[in-house]
Amino acid sequence: MTKIALVTGGNKGIGFETVRQLAAQNIKVLLGARNEQEGKKAEEILQDDSLDVEFIKLDISDSQDIENTKAYIERAYGKLDILVNNAAVFLDGEWFGNNVESVPMKTLRDTFDINYFGTVELTQALLPLIKKSDAGRIVNISSLSGSFGAHLDKNHWLYQLKPFAYSASKTALNQFTVFLANALKETNVKVNAASPGWVKTSIGSDEAPLTPEEGAKTGVALALLDDNGPAGTFSQAGENITW
Ligand SMILES: NC(=O)c1ccc[n+]([C@@H]2O[C@H](COP(=O)([O-])OP(=O)(O)OC[C@H]3O[C@@H](n4cnc5c(N)ncnc54)[C@H](OP(=O)(O)O)[C@@H]3O)[C@@H](O)[C@H]2O)c1
């Protein structure tokens, strides 16, 4: 039976490459995007490569879009095997420095609305469909920025980079990963968090060393875990990293 996956923020960057790599495994991939034009453009590029990709309009901070997505997947496929929570924003402006004393509340709220609340709301809504899969996989695309370990370690390269809104939203996402993995431990559903590394995208900038294709690999591997695979982990390129 064909596996069905949904990738949020699939129109560009790591999300787009995640859609491509999952579809290349003969998985039917729903490419979620908040902008219809951008989503359809991405769908067309991948379909031209003979990949089984279907655009779905999904702004993860819009409850109506979430309801529509759930209803559509239920009607069309009756289950969901893989959910990659990739969509996110970086609204702090600067990567360098520590803006915790001055970051506007609006920046914090807008960041959390998408990176955290939107992700949690979508996941909760789709869980009944994911539980219908023989081997459900939920991958939260997190970031090393969410790691307490990295932020407490003076010798870590990330130590000087403390954009508070983005980092805190990813720490909260990590907590969601741990709690959800625990809640689902007796089921067929595995939940893990991925750190893609520093990747050349709108969020990562042109300075980043990794390509989106390389950045997508950690999340894709977690989406394809077999029954013996782990749950409740935070990893990058196959190595567990500090929470
Ligand atoms: N690049 C890095 O170095 C790096 C490092 C660590 C973690 N990450 C994580 O990797 C993931 C992908 O980011 P990226 O680097 O590929 O950045 P990106 O190119 O900016 O992609 C972000 C994607 O999220 C989408 N998005 C934002 N808000 C959304 C919403 N409300 N609903 C639906 N989609 C929404 C964007 O859509 P629009 O095109 O409409 O804006 C875009 O498709 C994110 O979770 C990010 O935090 C990236």
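First things first, this report covers the structure right here in the doc. Because the structure is predicted, anything quoted here is derived from the model rather than measured. (Residues numbered from 1 in each chain as written. Predicted model: local features only at pLDDT ≥ 70, side-chain atom pairs only at ≥ 80, totals over all residues. Heavy atoms only, no water.)

### Observations concerning helix α2 (residues 36-48)
Since the α-helix turns once every 3.6 residues, residues separated by three or four places project in the same direction.
Moving on, step 1. For α2, which comprises 13 residues, the first-to-last C-alpha distance of 18 Å matches the rise-based estimate of 18 Å (1.5 Å per residue) to within 8%.
Moving on, step 2. Against the buried residues of α2 lie α1 (13-23), β2 (28-33) and β3 (53-57).
Moving on, step 3. Here α2 starts with a cap whose side-chain oxygen sits 3.0 Å from the backbone nitrogen of Q37, and that cap is N35.
Moving on, step 4. Following α2 by one or two positions, S50 adopts a phi angle in the positive range, close to 65 degrees. (Helix = DSSP H or I, 4+ residues; strand = E, 2+ residues; numbered from the N terminus. Expected span 1.5 Å × (residues − 1). Contact = heavy atoms within 4.5 Å. Polar contact = N/O pair within 3.5 Å; in protein donor to acceptor, adjacent residues only side chain to side chain.)

### A closer look at the nonpolar core
What tends to happen in soluble globular proteins is that the nonpolar side chains get buried as a cluster.
Moving on, step 1. Of all hydrophobic cores here, the largest spans 28 residues; its most connected members are L6, L80, L83, L126 and I138.
Moving on, step 2. Looking at this core, the elements that each hand over two or more residues are β1 (4-7), α3 (63-76), α4 (105-130) and α6 (164-183).
Moving on, step 3. By residue number, the principal contributor to this core is α4, which donates eight residues.
Moving on, step 4. Excluding residues that lie within four positions of it along the chain, I138 makes contacts with L83, N85, T123, L127, I130, L180, V189, K190, V191 and N192.
Moving on, step 5. Among the nonpolar cores identified, the runner-up in size contains 24 residues, and V7, I27, V220 and A223 belong to it. (Core = buried A, V, L, I, M, F, W, Y, C linked by side-chain atoms within 4.5 Å. Buried < 20%, exposed > 50% of the residue type's maximum accessible area, 1.4 Å probe, protein only.)

### A closer look at the sheet that holds strand β10 (residues 239-240)
Moving on, step 1. Ordered in space as β3-β2-β1-β4-β6-β8-β9-β10, the eight strands form an open sheet in which the pairing is mixed. The open sheet is flanked by β3 and β10, the only strands paired with a single partner.
Moving on, step 2. As defined by bridge partners, β1 adjoins strand β4 (residues 82-85) across three bridges and the pair is classed as parallel. Within β4, the residue paired with A5 across the bridge is I82.
Moving on, step 3. Running over the sheet, α4 touches β1, β4 and β6 (137-141) and is turned about 175 degrees from β4. (Pairing = 2+ DSSP bridges. Axes fitted to C-alpha atoms, helices over the stretch in contact; angles between N-to-C directions.)

### Considerations on the packing of α1 against α2
Moving on, step 1. Across the interface, α1 lies against α2 with an axial gap of 11 Å and an inter-helix angle of 35 degrees. Here the hand of the crossing between α1 and α2 comes out right-handed. Listed contacts from α2 to F16, V19 and R20 of α1 are A42, I45 and L46. (Left-handed = near helix turned anticlockwise from the far one by under 90°.)

### Focus on the site of the ligand
Moving on, step 1. Residues in close proximity to the ligand total 28 residues, the closest being N11, N86, Y166, V199 and T201.
Moving on, step 2. At 2.8 Å from an oxygen atom of the ligand is found a side-chain nitrogen or oxygen belonging to R34.
Moving on, step 3. Interatomic distance of 3.4 Å between a backbone N/O atom of G197 and an oxygen atom of the ligand.
Moving on, step 4. Coverage of the ligand by the protein chains reaches 94% of its 890 Å² of free accessible surface.
Moving on, step 5. In the shell around the ligand, the residues fall into 13 nonpolar, 11 polar and four charged. (Near = heavy atom within 4 Å. Areas by Shrake-Rupley, 256 points an atom, 1.4 Å probe, with all protein chains shown as cover. Nonpolar A, V, L, I, M, F, W, Y, C, P; charged D, E, K, R; others polar.)

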